[in-house]
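Overview (structure and organization)
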Amino acid sequence: MKVFSFSSASSKLPSDVLEALGADIGEWSGAGLSALELPFTGKEFAGIAAFAEHDLRALLDLPESYHVLFLQGGASAQFSLLPMNLLGDLDHCDYVQSGHWSRRAIAAASLCCDARIIASGDGITLPDPSSWDRSPNAAYCHYTTNETADGLQFHSYPETVATPLVADMTADFLTRPIPVERFGLIYAGAQKNLGAAGLTIVIVHQDLLGRARSGTPAPFDYARQAQSKSRVNTPPTFAVLVARRMLAWLREQGGLAAAAARNRKKSGKLYAAIDRDDFYSCRASPRHRSSINVCFHLPDPSLDLLFAEEAHVKGLCHLRGHPEVGGVRASLYNAVTEDAVDALVSFMSDFKRRRG
Ligand SMILES: *Cc1c(COP(=O)(O)O)cnc(C)c1O
């Protein structure tokens, strides 16, 4: 049976990428070693990391003034590392609270600094960037471009002001073009759109480096990692290779504008199926519905569970909503195909006919 995964993380990988990685595990490109065995100090791994960085820069049209870091610890580690690295002599930073993940980011930062909430959402809509009460002397302003648990996404990017803009893009990184120049720092765990768990990408402007507070662990000091090409200690070498293969795949597929078009098409089909009548309902306001994590409910919470269980039997897997939110969630990251969405839409109409 064909299995379609709508997992929120780790996500699907394209079959071409998986096939290439299978061969890489056998032997990396004539090196006589498996890709898993490559020394991180050797020329083979240096080539892999350089290739990944090159393709990432090409996809984003990334200016030279930004560094690309390949770190460990996940997006959640960055929640604490941001104030440790960026606060410098200042005493506070601005945070936009828009859902589950931004609340987690705020809770972690609050242990290290005065994290001020400058705008809040209500779980249905997102606070418009023009309404954010950004303070002129904050170390940075942090927001979450896509709230993965709540199914909400900012569809436009904030304008630049004097303080650096920092974004957690874990769920929608490389799913659409990004105006990088508006940002001081962008971070994302790779396990959603860019490959395997274990790798966190940090893109940081050079002007923000060198402010780390004393005591910041060397592997988590952005400036030290930038200086040593992310090799202060052993980087997640295989996850970097997975990202390298995913980045090449994204370029072959037409880059970020093409990815955005595919993601709009996939999510559009699913929202159309939800909106067809009153059986399925999506709480997110249409303006802020995520193209990446489509969250919806059935008329009764007991049906949510039944839906996920019956779907699983049909090979449509990992559709349970986030534990705090309930309902159903279909994550449509870059490697989820339109076929998978078509299969889900057809299951939805079948389920409604039987249970509606
Ligand atoms: C998944 C997710 C995280 C958590 O990522 P980890 O790498 O598991 O720490 C953080 N932020 C957002 C927006 C996410 O979607």
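First things first, this report covers the structure right here in the doc. Everything numeric in this text was worked out from a predicted model, so none of it was measured.

**Side note on the overall build of the protein**
A count of helices and strands for the protein gives nine helices and 13 strands. For the protein, the spread of C-alpha atoms along the three principal axes comes to 60 × 55 × 30 Å. Of the contacts made within the protein by residues no fewer than 6 positions apart, 68% connect residues no fewer than 24 positions apart. Total accessible area on the protein stands at roughly 14600 Å², and carbon and sulfur atoms take up 51% of it. Distance between charge centres in the protein, computed from 35 positive and 38 negative side chains, equals 3 Å.

**A word on the site of the ligand**
In the vicinity of the ligand there are 13 residues, among which S76, T148, D168, Q191 and K192 approach most closely. One nitrogen or oxygen atom from the side chain of T148 is found 2.4 Å from an oxygen atom belonging to the ligand. In this structure, Q191 approaches the ligand through a side-chain N or O atom, which is 2.8 Å from an oxygen atom. Computed on the free molecule, the ligand has an accessible area of 390 Å², of which 86% lies beneath the protein chains in the complex. Here the shell around the ligand takes four residues from helix α3 (residues 74-86), the largest share from any one element.

**Focus: the packing of helix α2 (residues 43-60) against helix α6 (residues 237-252)**
With their axes 9 Å apart at the nearest point, α2 and α6 run at an angle of 40 degrees to one another. At the point where α2 passes α6, the crossing takes the left-handed sense. Facing F45, I48, A49, F51, A52, H54, D55, L56, A58 and L59 of α2, the residues of α6 in contact are T237, V240, L241, R244, L247, A248, L250 and R251. Classifying every residue of the contact of α2 with α6 by side-chain character gives 13 nonpolar, two polar and three charged.

**So, the packing of helix α8 (residues 301-313) against helix α9 (residues 338-355)**
It is the contact of α8 with α9, at a shortest axis distance of 11 Å, that shows an interaxial angle of 125 degrees. Regarding the angle of α8 to α9, the classification is oblique. Every pair of crossing elements has a handedness; the one defined by α8 and α9 is right-handed. Contacts between α8 and α9 involve L303, L306, F307, E310 and A311 on the former and, on the latter, L344, F347, M348, F351, R354 and R355. Here the residues of the contact of α8 with α9 sort into eight nonpolar, no polar and three charged.

**Structural notes on the sheet that holds strand β8 (residues 165-168)**
What holds strands together in a sheet is hydrogen bonding between their backbones, with the strands either parallel or antiparallel. With mixed pairing, the seven strands of this open sheet are ordered in space as β2-β10-β9-β8-β5-β3-β4. Looking at the sheet topology across the chains shown, the edges are occupied by β2 (66-71) and β4 (114-120). Strand-to-strand twist in this sheet, taken as the mean axis angle between neighbours without regard to direction, amounts to 20 degrees. Judged from the four bridges that link them, strand β5 (residues 141-144) and β8 form a sheet pairing that is parallel. Its bridge partner lying in β8, C141 is registered against L165. Sitting on the sheet, α2 touches β2 and β10 (200-205), and the angle it makes with β2 is about 130 degrees. Helix-sheet contacts for α3 involve β2, β3 (92-97), β5, β8, β9 (185-189) and β10, and the interaxial angle to β9 is about 155 degrees.

**Side note on α6**
Spanning 16 residues, α6 covers 23 Å between terminal C-alpha atoms, matching the ideal 22 Å at 1.5 Å per step. Of all 16 residues making up α6, twelve are buried, and the element is well covered by its neighbours. Residues of α6 that are buried: T237, A239, V240, L241, V242, A243, R244, M246, L247, A248, W249 and L250. Just past α6, the residue G254 takes up positive phi, approximately 105 degrees.

**What to know about the pairing of β4**
Two elements, β3 and β4, share six bridges in a ladder whose sense is parallel. Within β4, the position partnered with D94 by the bridge is R116. Handedness of the β-α-β unit built from β3, helix α4 (residues 100-110) and β4 comes out right-handed.

**Some thoughts on the environment of A284**
For A284, the position within the fold is in the loop between α7 (255-275) and β11 (293-296). Accessibility expressed as a relative area gives 6% for A284, which makes it buried. Distance in space between the C-alpha atoms of A284 and F296 is 8.6 Å, their sequence separation being twelve residues. Other than its neighbours up to four places away in sequence, A284 contacts I124, G151, L152 and R289.

How each quantity is defined
Residues numbered from 1 in each chain as written. Predicted model: local features only at pLDDT ≥ 70, side-chain atom pairs only at ≥ 80, totals over all residues. Heavy atoms only, no water. Helix = DSSP H or I, 4+ residues; strand = E, 2+ residues; numbered from the N terminus. Contact = heavy atoms within 4.5 Å. Areas by Shrake-Rupley, 256 points an atom, 1.4 Å probe, with all protein chains shown as cover. Lys, Arg positive; Asp, Glu negative; His and termini not counted. Charge placed at Lys NZ, Arg CZ, Asp CG, Glu CD. Near = heavy atom within 4 Å. Polar contact = N/O pair within 3.5 Å; in protein donor to acceptor, adjacent residues only side chain to side chain. Axes fitted to C-alpha atoms, helices over the stretch in contact; angles between N-to-C directions. Left-handed = near helix turned anticlockwise from the far one by under 90°. Nonpolar A, V, L, I, M, F, W, Y, C, P; charged D, E, K, R; others polar. Parallel < 35°, antiparallel > 145°, perpendicular 65-115°, else oblique. Pairing = 2+ DSSP bridges. Expected span 1.5 Å × (residues − 1). Buried < 20%, exposed > 50% of the residue type's maximum accessible area, 1.4 Å probe, protein only. Right-handed = clockwise from strand over helix to strand, strands pointing away.

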